[in-house]
Amino acid sequence: MPDDVLDLFRQSGALLEGHFRLSSGLHSDRYLQSALVLQYPEFADALGEAIAERTRHLQPTAVLSPALGGIVIGQEVGRALGVRALFAERQEGRLMLRRGFVLSEADRVLIVEDVITTGGSTREAADVATDAGAHVIGAAAIVDRSRALTGLSLPLFALVKLEVAAYQPEACPLCARDVPLSKPGSRS
Ligand SMILES: [Zn+2]
């Protein structure tokens, strides 16, 4: 499955390989934009099913995703598991449940994201569920590019692990080889 997942990303232009300037200013040899793979319903469906297969044993009663990046895959995972799919949105810098979404102590919540990078939004979404009284049972993502540095205390299920190098421009080996630099669109 890991190779298949990266193939879906490549086929839809969601994984670019080359030499990129990220919005952080760092240079990288890879660029991920999961919205480009999730725009294809059959790919979104397959990825949602794959995450559901790996997390069904946790017996979640709801999926909670941080907006915006997690919403599409969260919906697909919820559909595959047959449970509610909720999302948390940022208001004045804090993630929260809006739109009448409710979680209670009866809920076993799976946090779902597209890509886990630092684990920050996963932790925040878990806090939202915990603050609502629910039980957070795990986290899942299509891609884990965290290099296991998230410090998450939750079990994490990812379809693929992807190391994405990030270099200071002056230490960038691609610059050193004069590989042309591109600046992709909005960062995932
Ligand atoms: Zn460079």
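This write-up is about the structure you can find in this document. Being a predicted model, the structure only gives us computed values, none of them experimental.

**Some details on the coordination of the zinc ion**
So, point 1. Donor atoms from the polypeptide that bind the zinc ion are H19 (NE2), H27 (ND1), C172 (SG) and C175 (SG), placed at 2.1 to 2.4 Å.
So, point 2. Sequence spacing among the residues donating to the zinc ion works out to H-x7-H-x144-C-x2-C. In this pair, H27 is assigned in strand 2 (residues 27–32) and C172 in the loop between strand 8 (156–161) and helix 6 (173–176), connecting sequence segments 145 residues apart.
So, point 3. Judged by relative accessible area, H27 falls into the buried class, the value being 4%.
So, point 4. On the basis of relative accessible area, C172 is assigned to the buried category, the value being 3%.

**Some points on empty space enclosed by the protein**
The method is simple in principle: a probe with the dimensions of a water molecule rolls over the atoms, and the space it marks as empty is what remains.
So, point 1. Overall, the coordinates contain one cavity of 30 Å³ or more when judged by the stated rule.
So, point 2. In this model, the largest cavity occupies a volume close to 40 Å³.
So, point 3. Looking at the lining of the largest cavity, the elements with two or more residues in it are helix 4 (71–81) and strand 4 (84–91).
So, point 4. Within the lining of the largest cavity, the residues separate by chemical class into four nonpolar, three polar and no charged.

**Points about the pattern of salt bridges**
So, point 1. Under the defined criterion, the tally for this structure stands at nine salt bridges.
So, point 2. A salt bridge links R79 to E76; its shortest N-O distance comes to 2.7 Å. Within this pair, R79 and its partner E76 are both found in helix 4, separated by three residues, close to a single helical turn.
So, point 3. E76 sits in the buried class, given a relative accessible area of 13%.
So, point 4. Notably, a salt bridge pairs K161 with D144, separated by 3.5 Å at the nearest N-O pair. Here K161, found in strand 8, pairs with D144, found in strand 7 (residues 135–144); they are 17 residues apart in sequence, far enough to count as distant.
So, point 5. In this structure D144 comes out as buried when scored by relative accessible area, which is 5%.

Scoring rules and cut-offs
- Residues numbered from 1 in each chain as written.
- Predicted model: local features only at pLDDT ≥ 70, side-chain atom pairs only at ≥ 80, totals over all residues.
- Heavy atoms only, no water.
- Donors = N, O, S within 2.8 Å, 3.2 Å for Na, K, Ca; no water.
- Helix = DSSP H or I, 4+ residues; strand = E, 2+ residues; numbered from the N terminus.
- Buried < 20%, exposed > 50% of the residue type's maximum accessible area, 1.4 Å probe, protein only.
- 1 Å grid on protein atoms, 1.4 Å probe; cavity = no way out; pocket = protein on both sides within 12 Å on 5 of 7 lines; lining within 4 Å.
- Points joined across faces, edges and corners; volume = space filled by probe spheres on them.
- Nonpolar A, V, L, I, M, F, W, Y, C, P; charged D, E, K, R; others polar.
- Salt bridge = Lys/Arg side-chain N within 4 Å of Asp/Glu carboxyl O.

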